[in-house]
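# Structure at a glance
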Amino acid sequence: MGNSKNLKEKSIETFFSSVSIITLLVMIGIFVFLFITGIKAFSEVTFGDFFLKNIWNPNSYGKPQWGILSFFVGTLFVVIGSMAIAIPLGLASAIYISEIATPKAREIIKPVIEMIAAIPSVVLGLIGLLFLSPLIAKIFGLSSGLNALTASIIVGIMALPTIISICEDVITSLPKDFREASLALGATKWQTIRMTLMPAAMSGIMAAIMLGIGRAVGETMAVLMVAGNSIAMPHSFFDPVRPMTANIAIEIKEVVKGSTHYNSLFAIGLVLFIITFLVNLISDIIIENHTRKYRW
Amino acid sequence: MKNQLFMTMVLFAIVVAGCSNNTNSNNQVQPVSNKIELAGSDTMSQMVSNIAEAYSKIDPNTKISVTGTGSGAGIASLINGEIDIADASRTIKDKEMEQAKKNGITPTEFIIARDTLAVIVNKDNPLSKISIKQLSKIYQGNTSSWKSINGNEQQITLYGRQTTSGTYVYFQEEVVKGDYSPKMRNMEGNQAIIDAVRQDKSGIGYASAGYIVGENGKLLDGIKIVSIAKDEKSEYISPLDVSKRASYPLSRVLVQYFAKTPVKGTPIYNFLLFELSSEAQDIIKKSGYISIYPEDKAKNDITLSGLG
């Protein structure tokens, strides 16, 4: 009897450890593949041309050009724009849900917000293409609404659930003593939120923002549909942009395996991977510090 | 949390087991059916789907899948050995032919239909005719305002296709004759360009005539087709003018590249013959395209007789 129980325990343990090892191997495999393919591009394209030139034109009439700077700036535009929308809205909603809303309102609002995460990005892209972009063109008197602003709004909406749910978790998990002590000192609710809870939750909020940024950097489909995708360097939010993800998605279909174009697209993928990896790493470190600080 | 993870694992295991069971039983019951995979030109995808649908009535055992990924994408898939037939609204480039041969594939070309490329502007744009030279300047970004073209004080917004598109390459070679302006907005398909120009009073774009004429033969709302001349001295011709079709400057062939030479008696050979038949050519006309010219047919016949 005891033996079979032991055996069961053992097999479950082995199952879980092997699954996690497989996950790890897959992760390492992806990185190695990305690295080996991407690095090949630099045998034909110099680092300087790749990172510092702003014209990308593999099918050029003259010499092919491989500069990703304007794509990088495009990604930056979408990240900054989407965060300018998602951070204030996300933080405000998180404060409302965790501190102000009645338990009943919370029960309704939380799942609804989490449902945004379940909307496929192509659907949001479609809404952006057919509804939002004509609206943006009308409001700002532009000829076309396919630009960085429209892309930022769509990506901002997509990053909202991540930011809201993490911020809300962080604020809710703050010790009750904080609120009680603050209120006992005569602070109002708003003063408590602003001067006690926000500073205490700041590292968690930063982590949420970092994850939101990671989402914005990696988003492809919706951006591809509404960003306009011009290869020119953007100068304002009303210019069309082609973020790095969109360029990969557009061009990977036409490349022949092993060509310079193919390797260069993987090199862009490698750059993206490193960016999101760093962003996630920073948020991990912040969260780790946060939990260490408030472990009671 | 641990519980949740465990449940997810269990669910996953069930799903995986379910999938593998299904495929097994399917294989046992049904004989392996013939499959033909086509990919490529977005311009051709609707037309070829219509032909494939008609063919499946004759030969229900052959499953044909058609996807519109762009001509360049289709040819790349053909070179990579992923599909049987590539639809293309441009002919294969020398570089692509070399790459194909390196991979052990010798693409065989057949002309399936003809198409005209239309240049479109918003319905409120007074422009009615334009020369190739003017178009080239506009698309290279040298002419950036409508002022010199139609008198309006307005910036031009350029709409074009993605680099994966055969229409992109065809328009570049026949009209732009240089690099496209980097400010051009790159759209996913013909329809996306039409929708954009419909909303944009300053926009100009190009699309296959097959997409511009609706099912009832009427021109779509909100856009205007511009007549085109080779140079200022030539006649300006509309792509809708059937009588002058032969001299319209942007008339092109729609072709298919076969990865393997089609062998007599195989489903893929029968499908090819069907595409060239008068029945399929009628479908092509109904889909808004032009059936092949006698010289195209002669070319196809030579290729066919060479197959043995």
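As a convention, each chain's residues are numbered from 1 in the sequence order in which they are written. The naming scheme follows written order: chains are lettered A onward, ligands numbered 1 onward. It should be noted that, the model being predicted, local features are given only for residues of pLDDT at least 70 and side-chain atom pairs only at 80 or more, the latter also being counted only at that level, while totals for whole chains, interfaces and linings use all residues.

### Observations regarding the overall build of chain B
What counts is decided by this rule: Every helix listed is a DSSP run of H or I at least four residues long, and every strand listed is a run of E at least two residues long, numbered separately from the N terminus. A residue is called partly exposed when the number of other C-beta atoms within 10 Å of its own lies between 12 and 20, exposed at 12 or fewer, and buried at 20 or more, with C-beta atoms placed from the backbone. The contact criterion used here is simple: two residues whose C-beta atoms, placed from the backbone, lie within 7 Å are in contact.
When you go through chain B residue by residue, the secondary structure sums to twelve helices and ten strands. Of all 308 residues assigned to chain B, the portion counted as buried reaches 43%. Considering only contacts in chain B between residues 6 or more positions apart, those separated by 24 or more positions represent 74%.

### Considerations on the domain arrangement of chain A
All names here are of chain A. For clarity, the cut-off: The source of the domain bounds is an automatic or database domain assignment. Charged means Asp, Glu, Lys or Arg here, nonpolar means Ala, Val, Leu, Ile, Met, Phe, Trp, Tyr, Cys or Pro, and polar covers whatever is left, Gly included.
We note that the domain assignment places domain 1 (2-43) and domain 2 (69-295) within chain A. A straight line from the C-alpha centre of domain 1 to that of domain 2 covers 29 Å. In this complex, domain 1 contributes six residues to the contact, which on the side of domain 2 involves eight residues. For the side of domain 1 that touches domain 2, a count of residues per class yields three nonpolar, two polar and one charged.

### Side note on the packing of helix 2 (residues 42-58) of chain B against helix 11 (residues 278-286) of chain B
All names here are of chain B. Here is the rule we go by: Working convention: axes come from line fits to C-alpha atoms, limited for helices to the stretch in contact. Angles between N-to-C directions cover 0 to 180 degrees. Any angle that falls under 35 degrees is termed roughly parallel, while one over 145 is termed roughly antiparallel, one within 65 to 115 roughly perpendicular, and all others oblique. A crossing counts as left-handed when the near helix is turned anticlockwise from the far one by less than a right angle, and as right-handed when that turn is clockwise.
The N-to-C vectors of helix 2 and helix 11 enclose an angle of 140 degrees; their axes lie 9 Å apart at closest approach. One way to sum up the angle between helix 2 and helix 11 is to call them oblique. Relative to helix 11, the crossing made by helix 2 is right-handed. Between helix 2 and helix 11, the contacting residues are Met-47, Asn-50, Ile-51 and Ala-54 on the first element and Glu-279, Ala-280, Ile-283 and Ile-284 on the second.

### A short note on the environment of Val-279 of chain A
All names here are of chain A. Here Val-279 lies in helix 11 (residues 260-293). By C-beta crowding, Val-279 is classed as buried, having 21 other C-beta atoms within 10 Å. The spatial distance from the C-alpha of Val-279 to the C-alpha of Ile-213 is 7.5 Å, given a sequence separation of 66 residues. When near neighbours in sequence (up to four residues on either side) are disregarded, Val-279 contacts Met-210, Ile-213, Gly-214 and Val-217.

### Some words on the pairing of strand 10 (residues 251-258) of chain B
All names here are of chain B. To keep it simple, the criterion reads: Pairs of strands are assigned from DSSP output, requiring at least two bridges between the strands.
Judged by how many residues are buried, strand 10 sits mostly within the fold: seven of eight residues are covered. Alignment of strand 3 (residues 85-88) against strand 10, held across four bridges, turns out to be antiparallel. Across the sheet, Ala-86 pairs through a bridge with Tyr-257, a residue of strand 10.

### Considering the interface of chain A and chain B
Counting residues at the interface gives 24 residues for chain A and 27 residues for chain B. Every element with two or more residues in the side of chain A that touches chain B is listed here: helix 5 (121-140) and helix 10 (244-251) of chain A. When its residues are assigned to classes, the side of chain A that touches chain B shows twelve nonpolar, eight polar and four charged.

### Quick notes on unusual backbone geometry
Unusually for a residue other than glycine, Asn-229 of chain A sits at a positive phi of about 60 degrees. One can find Asn-229 of chain A in the loop between helix 9 (221-226) and helix 10. Despite not being glycine, Lys-177 of chain B has its phi angle at roughly 50 degrees, a positive value. Within the secondary structure, Lys-177 of chain B sits in the loop between helix 7 (166-176) and strand 7 (185-187).

### As for the confidence of the model for chain B
All names here are of chain B. We apply this condition: Values of pLDDT, which run from 0 to 100, indicate the predictor's confidence residue by residue.
On average, residues of chain B carry a pLDDT of 85, and 88% of them reach 70 or more. In this model, residues 1-5 is a region of pLDDT below 50 whose contacts with residues beyond four sequence positions or in other chains number zero contacts. Here residues 7-32 is modelled with pLDDT under 50, and outside its nearest four sequence neighbours on either side it reaches one contact, counting other chains as well. Complex prediction metrics read pTM 0.77 and ipTM 0.73.

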